[in-house]
Amino acid sequence: MNHSIRKIHAAAVRILKEVGIRLPHPEVLEILRQQGMRISGDRVFFEETQIMDWVQKAPAEFTLYARNPRHDMVIGGDHAECASGYGCPTIIGADGSRREALVKDYLTFAKLVHQSPEFKINGGILVQPNDVDPATSHLVMLYAAVLASDKCLMGVPGHAAQINATMEMLALLYGGMDAFTARPRVLTMISTISPLLIDEMALDSVLACARHNQPMIISPAPAAGTTGPIDLAGNVALATAEALACITVAQMVREGVPVVFGLQSYGADLRTGDISIGSPAYALQAGCCARLARHYGLPSRAGGATTDARSVNVQSGYESMLAISTAFENRINLMVHSAGILDRFAGMSYEQFMVDLELIRMVRFYRRGIVIESDADLAVDLIGKVGPGGQFLTQMDTMKKCRTHSWVPAFSGNPSGEKKPPGDQVLGEIRRRMNDTLETYQQPPLPDDALREIDRFLTGQAGVAPETLSAVKTGIAA
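Residues numbered from 1 in each chain as written. Predicted model: local features only at pLDDT ≥ 70, side-chain atom pairs only at ≥ 80, totals over all residues. Heavy atoms only, no water.

Participant: Teacher, can you tell me more about the sheet that holds strand 11 (residues 186–190) here?
Facilitator: Strand pairing in a sheet relies on backbone hydrogen bonds, with the paired strands running either antiparallel or parallel. Sheet architecture is open: 5 strands sit in the order 9-10-11-12-13, paired in parallel fashion. With partners counted over all chains shown, the strands left at the sheet margins are strand 9 (121–123) and strand 13 (259–261), one partner each. Across the sheet, the axes of successive neighbouring strands diverge by a mean angle of 30°, strand direction being ignored. Where strand 11 lies against strand 12 (residues 216–218), 3 bridges are found, and the strand directions are parallel. Bridging across to strand 12, methionine 189 finds its partner in isoleucine 217. (Pairing = 2+ DSSP bridges. Helix = DSSP H or I, 4+ residues; strand = E, 2+ residues; numbered from the N terminus. Axes fitted to C-alpha atoms, helices over the stretch in contact; angles between N-to-C directions.)

See the structure below:
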């Protein structure tokens, strides 16, 4: 452990020992009390040995299982996986215009994620649809993701009744509760409230996920200068304290339940008080998250392609590239918000989604490095054959490798020479590529008996309107 990480860890455990953290949940407090924690009201104080004894029970990596085994994903080790944008209630147009996100937008993004090889995980709050009853929207989003895709599933946190309903619904998909809980099937993001509060809903989610053996991303998100100290080291220490406390609770509920150390520490624009997700401060803290996670022997989550830009423009390009390349460079295991985010998480953009896929491809190409697996890769014999003053374009070696060895941009202006402003040319290519992606979408099969059981559960016990399920099915088939 290097000096800075050692100091951040020491500060985090000191915070938990001397300041404590509020956990306003009677059941959780009773669990902690039985484990010998010092408690005052709803504030809990932890000793370093108590924290580390529990944290080390979590696995260093785990497999999240998809309905289609081809999409199973390992989280941890040297694996680097991406997930789409998450949590936005608004759609931002290419011109910066805004409108409420709807179910049809959720379905479109679910299809795009399913079609994109950059992702092995789908679902969660791809966008928050405003035309669905908020009381059941978590189930509607999960239902849409299950029907639209057979990739791994991102869940949605909630109060006890909501998240338990999620688990019951997925048990129907996987042949019963025992079969469901036998493997990690759905990954849920748990957000703390900085500074030093984990609320009842988050703790309800921790209890339900742990009891059902389902993995969690523990995701504190203090912003330096507003909800956290302006010094970045202090901001990361605060986030680390919150994460360690939440991970400790999860392990007390079920030893060995998979957790992801997922600091989402921000910068802040102190001119306005807004968070800043496009600044270098965000990228720096993502690097700290990766190093801390390795110290604790846990998988990491941070970063993504994030930007403060209010529309698709040069700012959204360079900020998103900084964030996603930093996450890859630091070997973050899971990058949520990897495609589509604009304006400090305020909105999702179809155009930015497609641009961010290109950024992911570019960074992966770069990260592969210059490959020398054999002397043939050095092409000395070929160079001798071509000789001084020759050319390689028409050589058979170039023909064979042109689709695998050369970088081909997805959009770079209209190659046909059509006379449009450069920005319009690129935007047109982005839209064409998105439409081509959607036109090739095919809904993956889902057993009819499982679908009937899920429909019956949702419209009966869970109280989802039948017409909402019909609209989801129609939207996916369209």
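Participant: When you look at the pairing of strand 11 in this model, what are you seeing that I'm missing?
Facilitator: Along a regular strand, successive side chains alternate from one face of the sheet to the other. The element strand 11 is largely enclosed, with a buried count of 5 among its 5 residues. The side-chain alternation of strand 11 yields two buried faces, one formed by Val186, Thr188 and Ile190 and the other by Leu187 and Met189. Inspection of the sheet shows strand 10 (residues 152–154) paired to strand 11 by 2 bridges, in the parallel sense. Within the sheet, the bridge partner assigned to leucine 153 lies in strand 11 and is valine 186. Crossover strand 11 to strand 12 through helix 8 (residues 200–211) is right-handed. (Buried < 20%, exposed > 50% of the residue type's maximum accessible area, 1.4 Å probe, protein only. Right-handed = clockwise from strand over helix to strand, strands pointing away.)

Participant: Just checking my understanding: could you explain the sheet that holds strand 3 (residues 43–45) for this structure?
Facilitator: Strand order in the open sheet formed by 3 strands is 1-3-2, with antiparallel pairing between adjacent strands. Looking at the sheet topology across the chains shown, the edges are occupied by strand 1 (21–22) and strand 2 (38–40). Where strand 1 and strand 3 come together, 2 bridges link them in antiparallel fashion. What sits directly across from isoleucine 21, in strand 3, is valine 44.

Participant: Looking at this model, I keep getting lost on the packing of aromatic side chains. Mind explaining?
Facilitator: Geometrically, a pair of aromatic rings is defined through the distance of the ring centres and the angle of the planes. Scanning the entire structure with this criterion turns up 8 aromatic pairs. Centroid distance phenylalanine 119 to phenylalanine 353: 6.1 Å. Interplanar angle 50°. Geometry classified as tilted. Taken together, the positions of phenylalanine 119 in the loop between helix 4 (103–115) and strand 9 and phenylalanine 353 in helix 12 (residues 350–368) put the pair 234 residues apart, joining distant regions of the chain. When its relative accessible area of 1% is taken as the criterion, phenylalanine 119 is described as buried. Accessibility expressed as a relative area gives 0% for phenylalanine 353, which makes it buried. Ring centres 5.6 Å apart and planes at 65° place the aromatic pair phenylalanine 365 and tryptophan 407 in the edge-to-face group. Of this pair, phenylalanine 365 sits in helix 12 while tryptophan 407 is found in the loop between helix 14 (396–401) and helix 15 (422–439), placing the two residues 42 residues apart along the sequence. You can call phenylalanine 365 partly exposed: its relative accessible area is 30%. Its relative accessible area of 30% is what places tryptophan 407 among the partly exposed residues. One aromatic cluster is present, formed by Phe109, Phe119, Tyr350 and Phe353 through successive ring pairs. (Phe/Tyr/Trp six-rings, centres within 6.5 Å; stacked < 30°, edge-to-face > 60°.)

Participant: What's the story with the nonpolar core in this structure? I'm lost.
Facilitator: The nonpolar side chains of a soluble globular protein tend to be buried, and buried together. In this structure, Leu23, Phe46, Met216, Phe261, Phe353 and Leu458 are the most contacted members of the largest nonpolar core, which totals 150 residues. Take this core: its biggest share by element is 14 residues, from helix 9 (residues 232–253). With residues near it in sequence (within four places) discarded, phenylalanine 46 still touches Val13, Leu16, Lys17, Ile21, Leu23, Leu32, Met37, Ile51, Ala245 and Thr248. (Core = buried A, V, L, I, M, F, W, Y, C linked by side-chain atoms within 4.5 Å. Contact = heavy atoms within 4.5 Å.)

Participant: Explain empty space enclosed by the protein here, please?
Facilitator: Empty space among the atoms becomes apparent when a probe as large as a water molecule is rolled across them. Per the stated rule, a full pass over the model turns up 1 cavity of 30 Å³ or more. The calculated volume of the largest cavity comes to roughly 70 Å³. Around the largest cavity, the lining residues are Ala83, Ser84, Gly85, Tyr86, Val113, Ile121, Asn122, Gly123, Leu126, Met154 and Val336. By residue number, the principal contributor to the lining of the largest cavity is strand 9, which donates 3 residues. Its residues placed into classes, the lining of the largest cavity shows 7 nonpolar, 4 polar and no charged. (1 Å grid on protein atoms, 1.4 Å probe; cavity = no way out; pocket = protein on both sides within 12 Å on 5 of 7 lines; lining within 4 Å. Points joined across faces, edges and corners; volume = space filled by probe spheres on them. Nonpolar A, V, L, I, M, F, W, Y, C, P; charged D, E, K, R; others polar.)

Participant: Can you help me understand helix 8 in this one?
Facilitator: Helical periodicity: at 3.6 residues per turn, an α-helix aligns residues three or four positions apart in one direction. With 12 residues, helix 8 ought to run about 16 Å at 1.5 Å a step, and its terminal C-alpha atoms sit 16 Å apart, in line with that. For helix 8, the buried fraction is high: 9 of the 12 residues fall into the buried class. Those residues of helix 8 hidden inside the fold are in contact with helix 2 (26–34), helix 6 (160–173), strand 11, strand 12 and helix 9. Following helix 8 by one or two positions, asparagine 213 has its phi on the positive side, about 60°. (Expected span 1.5 Å × (residues − 1).)

Participant: Is there a simple way to think about a nonpolar patch on the surface in this case?
Facilitator: Together, Ile370, Ile372, Leu378 and Val380 give the surface a local cluster of nonpolar side chains, amounting to about 450 Å² of exposed area. Among the secondary structure elements, leucine 378 is positioned in the loop between helix 12 and helix 13 (380–386). Look at leucine 378 and you get partly exposed, because its relative accessible area is 43%. (Patch = residues over 30% accessible without salt bridge, like charges linked within 9 Å, V, L, I, M, F, W, Y side chains within 5 Å. Areas by Shrake-Rupley, 256 points an atom, 1.4 Å probe, with all protein chains shown as cover. Salt bridge = Lys/Arg side-chain N within 4 Å of Asp/Glu carboxyl O.)

Participant: Looking at this model, I keep getting lost on the pattern of salt bridges. Mind explaining?
Facilitator: If charged atoms from side chains of opposite charge come close, those side chains can pair. Applying the stated criterion across every chain yields a total of 21 salt bridges. Among the ionic pairs, aspartate 343 bridges to arginine 344, the shortest N-O distance being 3.7 Å. Arginine 344 sits in the buried class, given a relative accessible area of 18%. A salt bridge links aspartate 397 to lysine 401, with the nearest nitrogen and oxygen atoms 3.0 Å apart. Of this pair, aspartate 397 and lysine 401 both sit in helix 14, 4 residues apart, which is roughly one turn of that helix. Judged by its relative accessible area of 32%, aspartate 397 falls in the partly exposed class. Salt bridges sharing partners connect three or more residues here, namely Arg98, Asp269, Arg271, Arg310, Asp343 and Arg344.

Participant: Help me understand helix 10 (residues 280–296) in this model?
Facilitator: Helix length check: helix 10 (17 residues) gives 25 Å between terminal C-alpha atoms against 24 Å at 1.5 Å per residue, within 8%. When you tally the buried positions in helix 10, you get 12 out of 17 residues, the bulk of the element. Residues Ala281, Tyr282, Ala283, Gln285, Ala286, Gly287, Cys288, Cys289, Ala290, Leu292, Ala293 and Tyr296 constitute the buried set of helix 10. Where helix 10 terminates, the next one or two residues include glycine 297, which has phi positive at roughly 70°.

Participant: Would you mind showing me how to read the side chain of serine 194 here?
Facilitator: Structurally, serine 194 can be placed in the loop between strand 11 and helix 8. What serine 194 contacts, discounting residues up to four positions off in sequence, is Ala221, Pro222, Thr227, Leu238 and Glu242.

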